Structures are given as C-alpha cells and as structure tokens.
Amino acid sequence: MILHRVSKPALLPLAAVAASMAIGACSMGGVAPSSGLALAPGLSARMDQPGAVLDRAQAIGIINAYRATNGLPALISDPALDGTAQALATQYAQTGTPPSTPQDLAGMKLSAGYATFAETFSGWRNNPADAAGLRANATRAGVAVAFNPTSSYGIHWVLVLDQ
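What counts as what
Residues numbered from 1 in each chain as written. Predicted model: local features only at pLDDT ≥ 70, side-chain atom pairs only at ≥ 80, totals over all residues. Heavy atoms only, no water. Helix = DSSP H or I, 4+ residues; strand = E, 2+ residues; numbered from the N terminus. Contact = heavy atoms within 4.5 Å. Areas by Shrake-Rupley, 256 points an atom, 1.4 Å probe, with all protein chains shown as cover. Buried < 20%, exposed > 50% of the residue type's maximum accessible area, 1.4 Å probe, protein only. Pairing = 2+ DSSP bridges. Salt bridge = Lys/Arg side-chain N within 4 Å of Asp/Glu carboxyl O.

**Points about the overall build of the chain**
Point 1. Along the chain, the regular secondary structure elements total six helices and four strands.
Point 2. Helices and strands appear in the chain in the N-to-C order α-α-α-β-α-β-α-α-β-β.
Point 3. Across the chain, every contact between residues at least 6 apart in sequence was considered, and the portion connecting residues at least 24 apart equals 64%.
Point 4. Within the structure as shown, the chain displays about 8700 Å² of accessible surface, and the carbon and sulfur contribution to it stands at 59%.

Below is the structure:
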C-alpha cells in the first residue's frame, strides 16, 4: 500500500485554482461552467432593489482572492474606510461627478452603472488601470455603494485602499 502525504504547500496551488474559478465566475453570469461553484449571494445581489445591503465581507473577499492569485497579501476590511467609501459613494451618486481620491489614501476605485458587486469587480479586473489599482500596495480597504434612481448611472461604487 502506498500512502501519499499532502503537505500544506501542495494545497496552495489548489487554493489558487479555486480562487481563480470563483473570480472567473464574476465574468460568466455568476457560475463557473461545470465547476459546481456558484457565486456568493452577496456578490450577485442587485443594489438597485429596495432594502439592498452590500455584503462588504464578500466584496473584500473576492478582491482578496484576486490579490492572492497575484501573490499579494489580503486586505483587511476597515470600518473607518467603509465610512469614507460610503461618504464618497453617496457624494458620487448625488452629484454624478467622480470624487477625487483623498490625499491620505493609497488608492481609490470608482464604478457606476453596474447593478452587482460581481459586475463591478469584473469591470475593475478587466481594465488594466483598475486591475493595477486592485493590486496596489495597501493593507486595509473599505467598500461602499450608493443608489440614486434619478442619476444617469443609478448605482455608484467606491473602493478605498490604505496602509
């Protein structure tokens, strides 16, 4: 009988594959083909519906999965940065004007018009400049969404990054 030992380093490639499949699902309507992986409900929830609430943990989680596939450390969700992101998203939704990155932040990503975080994330990931921002040298993150039915885009997203 031959016994195979699975070491922790051998599990890292498996985790990367699983993360890649989950990230890929964001571009494929929420389900990775024939993988059995469904997109988390918090990532596919429409933010233009009454009572919609962003699942910030799942949003930061998919960003962290993307960062892991790029060999980068995970971001820590920061409630103070969530507050900053919410203020900026609300301002963006009210004025229709993209806010400037506050000087004390390491970076900021904006998006408007996407109904779900999965769509927003896919837009960021698939745009080279935005993807570079997701890979920024940062340790903390905050994310928020604001809906204004009278604005041109309706839904406005903000991700802020800091050290």
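This is not the end of the story, as more comes after the structure.
**With respect to the environment of Gly113**
Point 1. Tracing the backbone shows Gly113 in the loop between strand S2 (107-112) and helix H5 (117-126).
Point 2. Accessibility expressed as a relative area gives 40% for Gly113, which makes it partly exposed.
Point 3. Placed 42 residues apart in sequence, Gly113 and Ile155 show a C-alpha to C-alpha distance of 5.1 Å.
Point 4. Filtering out sequence-adjacent residues up to four positions away, Gly113 remains in contact with Tyr153 and Ile155.

**Some details on the environment of Pro73**
Point 1. By the secondary structure assignment, Pro73 is in the loop between helix H3 (56-69) and strand S1 (76-77).
Point 2. Residue Pro73 is classed as exposed on the basis of its relative accessible area of 53%.
Point 3. Spatially, the C-alpha atom of Pro73 lies 7.7 Å from that of Thr139, the residues being 66 residues apart in sequence.

**As for the sheet that holds strand S3 (residues 140-147)**
Point 1. Read from one edge to the other, the open sheet built from four strands follows the order S1-S3-S4-S2, with strand pairing classed as mixed. Two strands lie at the open edges of the sheet, namely S1 and S2, each paired on one side alone.
Point 2. Relative to strand S4 (residues 155-162), S2 runs antiparallel, the two being bridged by six bridges. Of the residues in S4, the one forming a bridge with Ala112 is His156.

**Some points on the pattern of salt bridges**
Point 1. In the structure shown here, the tally under the stated rule is five salt bridges.
Point 2. A salt bridge links Asp82 to Arg56; its shortest N-O distance comes to 3.7 Å. Highlighted residues: Asp82 in helix H4 (residues 79-95) and Arg56 in helix H3, separated in sequence by 26 residues.
Point 3. Arg56 gets classed as partly exposed once you look at its relative accessible area, which sits at 24%.
Point 4. Sharing partners across several salt bridges, the network here consists of Asp78, Arg140 and Asp162.

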